[in-house]
Amino acid sequence: MAEPQDEEVRERLKAALWFSIGKMVDQESLQRNRNATPQFIGALTDMVWHQIENIATDLESFSQHAGRTTVTTDDVLLLARHNQDLYSVIKDAIDKEKAGKTKGKGKGRG
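Just so it is clear, the structure is predicted and the values come from calculations on it, not from any experiment.

So, on to the overall build of the protein chain. Scanning the protein chain from terminus to terminus reveals four helices and zero strands. Starting at the N terminus and ending at the C terminus, the protein chain contains elements arranged as α-α-α-α. Taken over C-alpha atoms, the radius of gyration comes to 19 Å for the protein chain, far larger than the 13 Å a tight globule of 110 residues would show. When the backbone C-alpha atoms are referred to their principal axes, the protein chain occupies close to 60 × 45 × 35 Å. Across the 110 residues that make up the protein chain, the buried fraction comes to 15%. Restricting to contacts in the protein chain with at least 6 residues of sequence separation, those with at least 24 account for 28%. When the accessible surface of the protein chain is summed, it comes to about 9300 Å², and 55% of that surface belongs to carbon and sulfur atoms. Of the side chains in the protein chain, 16 bear a positive and 17 a negative charge, and the two mean positions are spaced by 11 Å.

With that out of the way, let us pick up the nonpolar core. Grouped together as the largest cluster of nonpolar side chains are five residues: L17, I21, V25, I41 and W49. Elements with a minimum of two residues in this core: α1 (4–32) and α2 (38–65). Leave out the neighbours within four places in its chain, and V25 touches A36, F40, I41 and L44.

With that out of the way, let us pick up unusual backbone geometry. Of note, the phi angle at N33 is positive, near 55 degrees, even though the residue is not glycine. Within the fold, N33 resides in the loop between α1 and α2.

In this fold, N35 is placed in the loop between α1 and α2. Classification of N35 as exposed rests on a relative accessible area of 79%.

Parameters at a glance
- Residues numbered from 1 in each chain as written.
- Predicted model: local features only at pLDDT ≥ 70, side-chain atom pairs only at ≥ 80, totals over all residues.
- Heavy atoms only, no water.
- Helix = DSSP H or I, 4+ residues; strand = E, 2+ residues; numbered from the N terminus.
- Rg over C-alpha atoms; globule rule 2.2 N^0.38 Å.
- Buried < 20%, exposed > 50% of the residue type's maximum accessible area, 1.4 Å probe, protein only.
- Contact = heavy atoms within 4.5 Å.
- Areas by Shrake-Rupley, 256 points an atom, 1.4 Å probe, with all protein chains shown as cover.
- Lys, Arg positive; Asp, Glu negative; His and termini not counted.
- Charge placed at Lys NZ, Arg CZ, Asp CG, Glu CD.
- Core = buried A, V, L, I, M, F, W, Y, C linked by side-chain atoms within 4.5 Å.

In structure tokens form, the structure reads like this:
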């Protein structure tokens, strides 16, 4: 069983997720002149929470299989390998980040 402190953190994270999803649903509802019930927001939050848990478990498994204790971008790309569009977006973001770090290393010397 989880410790009370861990359970409190979990509940706070779920509440923050519910709040964020609620804000996004409200924005979309206003733009589309539609209504969303609190039950819908709760169900959507629960679905997203379970998806996050599954992703976290997969990423942890990938890093452990590779003999690492830290999740890397390689693990994230491995997770996204079956969704080509998502893979491309993530790969492009990683490449931009690496390019920015390479440029930053050359500055300030000499």
